[in-house]
Amino acid sequence: MKLKELLRGLDVLAATADLEMEIPGVSYDSRNTKPGDLFVAMTGFAVDGHAFISKAIEAGAAAVLCQKLPEGGVPYVQVTDSRRALAVIGGNFFGHPASAMTMVGVTGTNGKTTTTYLLKSVLERQGKKVGLIGTNQNMIGEEAIPTERTTPESFELQRLFAQMRDAGCTHVVMEVSSHALALDRVYGVPYAVGVFTNLTQDHLDFHGTMEAYCAAKARLFQNCGTGVVNAGDPWTARLLEQATCKVLTYAEDAAADLRAEEVELAADHVAFTAVTETARVPVRVNIPGRFMICNTLDVLGAALALGVSLEESAAALAQVPHVKGRVEVVPTPGKDYTILIDYAHSPDGLENVLSSVKGFAKGRTVALFGCGGDRDRTKRPKMGRAAAENADFLVVTTDNPRTECPADILADILPGLEGSNTPYVVIEDRVEAIHWAMDHAEAGDVIVLCGKGHETYQEINHVKHHMDEREIVADYLARRA
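What counts, and where the lines are drawn
Residues numbered from 1 in each chain as written. Predicted model: local features only at pLDDT ≥ 70, side-chain atom pairs only at ≥ 80, totals over all residues. Heavy atoms only, no water. Buried < 20%, exposed > 50% of the residue type's maximum accessible area, 1.4 Å probe, protein only. Helix = DSSP H or I, 4+ residues; strand = E, 2+ residues; numbered from the N terminus. Pairing = 2+ DSSP bridges. Expected span 1.5 Å × (residues − 1). Contact = heavy atoms within 4.5 Å. Axes fitted to C-alpha atoms, helices over the stretch in contact; angles between N-to-C directions.

Caption draft 1: Quick look at the pairing of strand 4 (residues 63–66). Neither face of strand 4 is open: one carries Ala-63 and Leu-65, the other Val-64 and Cys-66, and all of them are buried. Sheet analysis places strand 3 (residues 38–40) next to strand 4, joined by three bridges and oriented parallel. Directly across from Val-40, in strand 4, lies its bridge partner Leu-65. Note that strand 4 and strand 5 (residues 76–79) share three bridges and pair parallel. Within strand 5, the residue paired with Cys-66 across the bridge is Gln-78.

Caption draft 2: Helix 13 (residues 379–390), seen in detail. With twelve residues, helix 13 should reach 16 Å at 1.5 Å per residue; the first-to-last C-alpha distance of 16 Å fits that figure. Within helix 13 the residues assigned to the buried category are Lys-379, Arg-380, Met-383, Gly-384, Ala-386, Ala-387, Ala-388 and Asn-390. For helix 13, the secondary structure elements touched by its buried residues are helix 12 (347–360), strand 19 (365–369), strand 20 (393–396) and helix 14 (406–413).

Caption draft 3: Main features of the sheet that holds strand 17 (residues 328–330). Read across the open sheet, the six strands follow the order 17-18-22-19-20-21; overall the sheet is mixed. At either end of the open sheet lies a strand with only one pairing partner, and these are strand 17 and strand 21 (424–426). Taking each pair of neighbouring strands and ignoring which way they run, the sheet shows an average axis angle of 20°. Note: strand 19 against strand 20, four bridges, orientation parallel.

Below is the structure:
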């Protein structure tokens with residue numbers, strides 16, 4: 001593709017590069033640059049790509065797209081925002097694949113993964129081929145593709161869209177993280193529907209304030225056809241202040257276009273009647289927890305916006321299998337206690353899952369949890385408090401320490417337990433902590449392993465060590481037998 005074709009849609013401030021030259025590839029990491037590439041020097045969250053222009057040239061880059069002029073006569077194209085430019089270039093390079101499919105973006109603190117899986121199932125019941133992008137994995141139809149982050153960098157995202165388009169996908173349902181919105185990874189993606197689940201404290205190490213966190217989420221609703229939003233969330237009004245889309249509201253306990261009535265909560269499902277001005281439809285989803293009411297309403301709302309009736313959606317949802325790492329039951333044959341795995345890693349997430357479990361547990365609700373390293377420290381005592389208020393016993397342990405000392409993370413959690421009567425133990429090693437919880441389980445207990453969810457590793461000092469909690473439980477039971 002000619003350089004001038006790659007730049008279509010960009011405001012070029014200055015250029016010394018030959019716009020007629022053929023560009024075989026695009027890179028934004030000098031370590032991956034190949035001869036002939038256009039190297040995009042992005043100003044990133046942690047690293048400034050302009051510092052690596054010389055390395056990209058040494059690797060054979062034919063030209064550089066940048067914000068700051070390079071030294072040494074390097075052929076360049078200067079733009080005002082190289083991060084947004086990468087998104088535009090990605091669309092041009094891959095032939096704007098998102099425009100050939102119906103795009104649905106789901107944003108919010110909790111519930112994104114469950115929402116995307118449920119909606120994918122509903123659309124597939126309609127005969128659609130659906131691509132999925134999210135925290136657990138990316139999928140093209142039934143083919144699973146591992147992922148490193150919730151929303152890939154913009155150029156890789158466009159490559160993934162192109163794979164989905166070429167494989168015959170008609171729809172894409174994707175989680176859209178606040179990082180992706182703030183860093184323009186999804187800039188220019190034409191969303192037919194945007195979904196907002198909720199907003200609670202998370203990622204303040206990146207955004208700084210809840211207001212900035214909300215403002216990042218709000219970008220989705222300035223670039224979608226219909227916004228399906230949670231009328232019961234206190235941040236929704238702020239989220240919609242500059243929205244340019246149609247709005248469809250849903251809620252369990254607030255006035256909304258789509259509501260849940262006659263709610264039934266059970267140990268293995270939730271059921272309710274979905275109500276609009278013109279319909280009343282019974283709905284059942286085989287995932288427990290009150291939080292699943294909103295996680296189902298948003299799916300029903302998004303499906304409505306895409307032309308799928310409540311009756312059709314309800315029929316599909318009743319058949320949906322469990323979502324990995326979301327209130328997932330771990331087999332414990334012959335034992336009189338239950339073990340669940342859940343991805344809860346925020347104060348609100350802990351409260352949601354633990355309060356739900358407490359509603360059906362015949363014995364104690366035992367929460368095993370920790371906090372991630374190199375992330376928002378202010379939420380650590382809040383997670384401790386949320387766990388203490390919603391469980392009967394706590395096992396405080398590690399999550400992904402990353403580059404932090406695990407003991408320091410635990411020390412940040414413990415102040416949240418002050419003043420609580422909930423008993424607890426602190427066991428730094430997570431495997432030992434799981435073993436301890438199993439050894440001390442009582443009849444009817446439900447042990448909730450919080451934080452890891454679908455993850456099958458523990459990250460320590462930039463190294464991901466294999467850790468699958470399903471295997472840990474199975475292996476320990478086998479040894480004890």
